[in-house]
Structures are given as C-alpha cells and as structure tokens.
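Architecture at a glance
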Amino acid sequence: MAVARSQPAPAPGKKPAMRGSTLFRARARWAWLMLSLPLLFFLVVRLLPTLYAMRMSFYDWKILAETHPWVGLANYVKLFKDPNFLQSLRNTFVYVLVGVPLQLALGLVVALAIQSVNRFQGLYRFLYFLPYVTSSIAVGWVWRWMLQEHGGLVNEVLHVFGIPAQKFLGSPTQAIYCIIMAIVWQGLGFSMVIFLAGLEAVPTSFYEAAALDGASAWARFRYITLPLINPTIVFSGIVGTIRYLQVFSEVYSMSSQGAGGPLGSTKTLVLFIYEEAFKSFKMGYASAATVVLFLIIMLLTLLQSRVITRRVEY
Amino acid sequence: MQLKMRRTAALATSSALLLTLALAGCATKSDGAPKSGTPAGNEPVTIEYWQYFYESKKNLVDQLIKEFQDKNPGITVNHVTFPYEQYNEKVAAAVSAGKGPDVINLYYGWLPLYVDSGYLQALPESAFQPATIQKEFFPLVDAAKMDGKYYVVPTAVRTLAMLYNQDLFKAAGIAAPPKTWDELVDQSKKLTKRDGSGKLEQVGFYFNTGGQGHNWYREVLTRQVGVKPLSADQKKVQWGSDDALKAFQWWVDLQKVHKVGEIGFMTDDVTAFKAGKAAMDVDGSFRLGNLKDVPFNFASAELPVGPNGEKHTMASFWANGITKQAKGAKLDASIKFLQFLTQPDVMERWTNATGELPARPEVAQKFANDPKLKGFIDGLPYAHATFFVDEKKDRQALIDAVDSVLLKNTDYKAALQAAAKSVQADFDEYWSKRK
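Residues numbered from 1 in each chain as written. Chains lettered and ligands numbered in written order. Predicted model: local features only at pLDDT ≥ 70, side-chain atom pairs only at ≥ 80, totals over all residues.

Looking only at helices and strands, one finds 13 helices and zero strands in chain A. Rg of the C-alpha trace for chain A: 25 Å, well past the compact-globule value of 20 Å for 314 residues, more than 25% over. Structurally, chain A occupies a C-alpha span of about 70 × 65 × 40 Å along its principal axes. For chain A, the residues scored as buried account for 33% of the 314 residues in total. In chain A, of all internal contacts separated by at least 6 residues, the share reaching a separation of at least 24 is 69%. (Helix = DSSP H or I, 4+ residues; strand = E, 2+ residues; numbered from the N terminus. Rg over C-alpha atoms; globule rule 2.2 N^0.38 Å. Buried ≥ 20, exposed ≤ 12 C-beta atoms within 10 Å, placed from the backbone. Contact = placed C-beta atoms within 7 Å.)

Below you can see the structure in the form of structure tokens.
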C-alpha cells in the first residue's frame, strides 16, 4: 500500500515551457480572478477600516454626535499631553521589553530540553502547548484567583516558606509583572513549537563534526545552534513584539473591573483605546491612539527585521 | 511579461475596488429607499426594544411583551438583549449604521450623552404629562429630565443601603445594624476575623471603591459632612473640597486605620458577601436578585448617618426612552409599550421578579415591610441620583484616589484634589460645548 504513494509527481524544479504563450496568459488571468476574492476581502475587511480609522483621527468624532468637526492634529496633541495615554504607552513598552525576551528565552530552553529527551517527546510538547490553546480570559481569571492576596494559592505556598503575603495584582509595582508572567506562561508553548521546528532544521552533521573537534556543549550551542536558528529567533521576536504590543484580554481579566489598575499601572495602549472608544465614545481620539500604535508596530517590525537578520552561511 | 503581470494586478485591484464601491452604493440605496406610508390605522407594526441581559429582567419582559401583544393586536415587540459589557459597543455600532431600537433601556447617567447627540426624542407630553410624573413618581426620577423635558421614564429604581449578614451579627452578639458612622466602625471591628498570621478570613465591612463605594462617598458621605457633591447648576465638582475631606478620610480609614475590610478580598464585595465572608456591604437593591438562595439570613438597613445626622442615599435607575427612529405608527406603538411598562401593577411584578424598587411611592408602600427590601425602600424619599458627565471616569478618579492613599501613601488631600480636578476637567469640557 505504501508504494502507492510514490506516484510520479511533476518535478518541482521544472518550469512550465509555455511562459508567454496564450495558454499561460489565460491561466494568469484565472489566477488573478481567484486571487481577487481574498484581495477583495482584505480590502474591505482590513484596509478600508484602517484607512477610515486614520481619517477619523483628524476629527472630533464622538460616536453619538450629529456632527463630527475637523480638528486637524488636535487629537494627537491632546494624546501626548494625556498622562493616561503616556502611562499606557510606557506600560506597553514594559510588556514588550520584559515579556518578549522572557518568552523567547524560556521557549528556547524548553525546546532544547524537549529535543534532548528521547521518551515522551510528544507528551511534553502537548503539555507545554496546551496553555496556548486555552482561552486567555480563562487563563487570566485562574491566575487572578491564584494571585489573590488573601487565600490565593501562591501566597499560601509563600506562607509555608515564611514569606509574608504579597499584594501581587493589588500592587502598582508588582501587578504588571504578574500579568506578564501569565502571558509568558500562556505563550511559551507557541515559542517552543517554533523553536523546535527551527532546531530540527539544523543538520546533525554540524554537531557531530564539532563534537569530534572537542567543542563544548556551550560552544556548540553558541556557534552552531544560535546562528542557524537566527531566522527563527527573528520571526519569534517580531511575532512576539506585535503580540505584546497588543496585550488586552489578560489585563482586562486580571485587573479589577478590567480597568488596567491599580492606579493604571497595568493599562496597555489597546485597553486605553478600548476605553476611549467604547466607554467614553470618543472615536476620533481613540483612532488617533490606534494610529500611534500602528506606527509603533510598523517601525519596530521594520527595525527588527533590519537589525536582527544576519545571514549565516557555513 | 513583467509589465503584463503588473497590468493584470492593477486590473484585479481596480475591479475589487469597483466591486466594493458598488456594494457600498447598494447599501446606501436600500437605506434611503422611501418607507411605505404608515398611516395610524390598524396596519401591523413591529417595534424593537433593547435592554442588556439580566436573566430575571429578560424573562419578565418576555412575559410582559406577550401580554402587551395580546392587549394590542397588530403590535409586535422585538425584544433584543445583549451582555451589559457590550452595551455601549452595541449601541455605538447600531447608531453608526443608522439602525437600532425604537424603545431603548438606558442608564440615567448616560442621558446627557444620548440627549445631546440627538438620539432620543422627548417623551410626548400628551402621553406623559410632566406634572403627573412629578406627582406620581419619586422625586429622584427628576434626573430623567433635561432642559425641562422628560426623555425617559423608569419602571424601577435602585437605592443604596447596608446589606448585613444576620447570622454573623448574631454570632458576634450584635443586636442591630449600625445607625451612625461610629457604630459602623465599632461593629465592623468586632466582625472582622483574621487568622494567626494576620490573614483576613472575614471582613466586618467590605471596603470597596469600584463597586458602590465611590457612589457612597460621592453622594452620601459628603452630604453627611454638609457638602453638596455638585454645585446647584451641576457645573462645579464639590466632592473634592476641603470640607469634604473629613468624609473622604473617614471612608479611606476604614481600611487604612481600622482595617475592617480590604479592597479585593475574595475578588469583590458581592462574592464575599454571598460566601458569608463579609458581615456588611453597602450595595444596591439590584443585588437582591443575586442573593436569592444564599444559605444564611440577611436583611437591609438604611445607611448610617454621619456628623450632621442627615440621612442620604444614592439612587440610580435604568429607564426606557424612545429614539428618534420611531415615527408614525411605530411611535404610537412605542408610546403604548412605554405606558404599559410603567403601570403600577407591572412595577409590582418587576420588584417581585428583580428586586429593583418601584418608581411610584404607591407601589413601594406594599414592600415596606419586607426585611430584605426595607432598607432600600426607606431610602427612596431622600435618595439623590447623581449627575454624571462620564460615569466611568468619575468612578475611576475616586478609585485611583483611594488606591494612591492606600498603596502609595499619598496625602489624603492631595489624592482627593487630584481626583476632583480630573473630573472637573471633564465637566468643563462638557459644559463648554453646551449653549
């Protein structure tokens, strides 16, 4: 039965001979026709609303108001004077700067560990990936209960070791790190899977050669693994950064009344946008904040792909 | 070849764009199509009613609609509910799409926003005479009036009162709930329990800001030290004044000094009270619906009085209004439906089903001896409905003020003033745009 699979398939490298012929043009036309559907979807569902939001950011656009006067850059000026916005912006960078490296490092460590074990690999992969497919609201709430000051599981454990109860989510200095921890816990599995795929692609012959030459485990990791999985790191870094720039549901479920407290210490840009848009109805103002977030994401992504990408050839 | 490809791409893009425009065009066209004439005859008419989802309310309204439709053949009421959290999003989306309900249930605190935006129409005086409303409803319903006109009318109202766990009181040997601020502090101390390591096991009084705490401070505690929370013209925030500081400090000291409760204990006050781990909680009458099958005895009492001995409480309500979308036969049907919802017998059933209080004194009378409702009902004659420009921001300002005293040791006065200042800025912006 297994032989049946090896039927002759068209050689992948072989170019069709009829480039430029009418048949090819007809095919291309068909391809474009087919493509136009997703393209249309992209335009209507993604691009147009984005452009519309950009336009709204120049208006005093209160959702229920009858008129929407043009205000130019006033929303942007107000934004950078709004302590609430500036705090959310700062917080957002904390999420990225702490969360992304942590998740990547832990993801890589777990991936390496799993790769080195011979038994139950699938089980470990499954266990580490499980949080990633769990609803983040549920994850947030479970952590919230575990991190309660009185009667929370974490404090109960600390108590056994004689450590006094911590405020955790109730403290303006600890709360943001508690939330980052929950997000890392959840996102770890995703990073792990990506890294596992990256590690699989590193030829074992390199390691064997290095081992013969007497390279230490660290040297092998530093000079073979790390450079060769660089594309994977770049990809994870970019995806992770975008993810952490858009943190919302974890904060929404882990802070009291979803307000990003205490004292705004865990509020993210997205939560700020949500509150201005759907609680205060200030669509123009919220759109301006959205555009700022968009620019930040774009800039960081471009920067990352420029700076971190280094081709390594052996 | 390259060129050809590019041209094809351009073609695909532009055809996609054209299609989009065509679709958009269709949408506007069908929207602007002339509606069929709607003479006020007996032609069947369908109206849409929106409220947020609350099980007991939804079930009752479903039942009421059935009865209403039986009495008014030809009128169909579409009942739409959605989660409370989505209320504003839902309305926002519907309004921008030019759709939405004919009759809408909204929080009185959002009224300025909805009226200013031209979303609601004033209730026609022929059907709802201002003088009659004034005479037959509790005075707090006046908060539904803007520029001398009523825009909404409530079926039920809510007040704040002290919920107390009678079993815990009995166990601690306390006979009656607190009548004064001082008694509240004393009793709470007796009712608070900690284990050997200082871990809270039971709070005597649930100190909170985000639940009803901010309302209690703003509308009740300030008045009890002789400060009106807002100026008479509702333009100036006064709850942050030096005179109000006494009230603020007394309030925050419940946790900071007396340690009778703690923000966030068992997540929130409702959970703690329901679990029998909070002896007292200032909450609204709407909570009674959630407390139907708790395994302990509880009752409600009037809020304790402060230094000036005056009784005050905060009132709030969800009320029904008619949107500008309702015209002709739809408007007539909407008026009928609204009148039906505010009838005395509907109010009585509403209270029985939801625990919300009747908006008419004559109906409220009937519940005055119910121990669970008593504290709330007694408060109705002296209840005040706060005027909000942005309810969410007002609330957050006070939450942050208390947090900064408790968590960052900020000076009481500085914290309170910062809160009042930020709210005043919202008030100034709001009033500057009104003629």
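Contacts between chain A and chain B engage 31 residues on the former and 34 residues on the latter. Sorting elements by how many residues they give to the side of chain A that touches chain B places helix α1 (residues 22–56) of chain A first, with nine residues.

Here we take up the nonpolar core. Ile-179 and Ala-289 of chain A together with Ala-144, Val-152 and Phe-205 of chain B are the most contacted members of the largest nonpolar core, which has 172 residues in total. In terms of residue count, helix α7 (residues 175–200) of chain A provides more of this core than any other element does, 14 residues in total. Excluding anything up to four places from it in sequence, Ala-289 of chain A contacts Leu-79, Phe-85, Leu-269, Phe-272, Ile-273 and Glu-276 of chain A. (Core = buried A, V, L, I, M, F, W, Y, C linked by C-beta atoms within 7 Å.)

Here we take up the environment of Asn-72 of chain B. Residue and element names in this part refer to chain B. Structurally, Asn-72 is set in the loop between α2 (55–71) and β2 (75–82). Residue classification places Asn-72 among the partly exposed positions, given that 15 C-beta atoms sit within 10 Å. The spacing of Asn-72 and Glu-89 is 17 residues in sequence and 33 Å in space, taken between C-alpha atoms.

Put simply, chain A has an average pLDDT of 88, and 91% of its residues get 70 or more. Confidence drops under pLDDT 50 across residues 1–14 of chain A; counting only partners more than four residues distant or on other chains, this segment forms zero contacts. (pLDDT = per-residue confidence, 0-100.)

On to the pairing of strand β11 (residues 278–284) of chain B, then. Residues and elements named next belong to chain B. The element β11 is extensively covered by neighbouring structure, given that seven of its seven residues are classed as buried. For strand β8 (residues 156–165) and β11, the ladder comprises five bridges, and the chain directions are antiparallel. Residue pairing in the sheet places Leu-160 in a bridge with Gly-284 of β11. (Pairing = 2+ DSSP bridges.)

Attention now goes to helix α10 (residues 230–245) of chain A. For α10 of chain A, built from 16 residues, the straight-helix expectation of 22 Å at 1.5 Å per residue is met to within 8% by its first-to-last C-alpha distance of 22 Å. By the burial criterion, the buried members of α10 of chain A are Thr-232, Ile-233, Ser-236, Gly-237, Gly-240, Thr-241, Tyr-244 and Leu-245 of chain A. (Expected span 1.5 Å × (residues − 1).)

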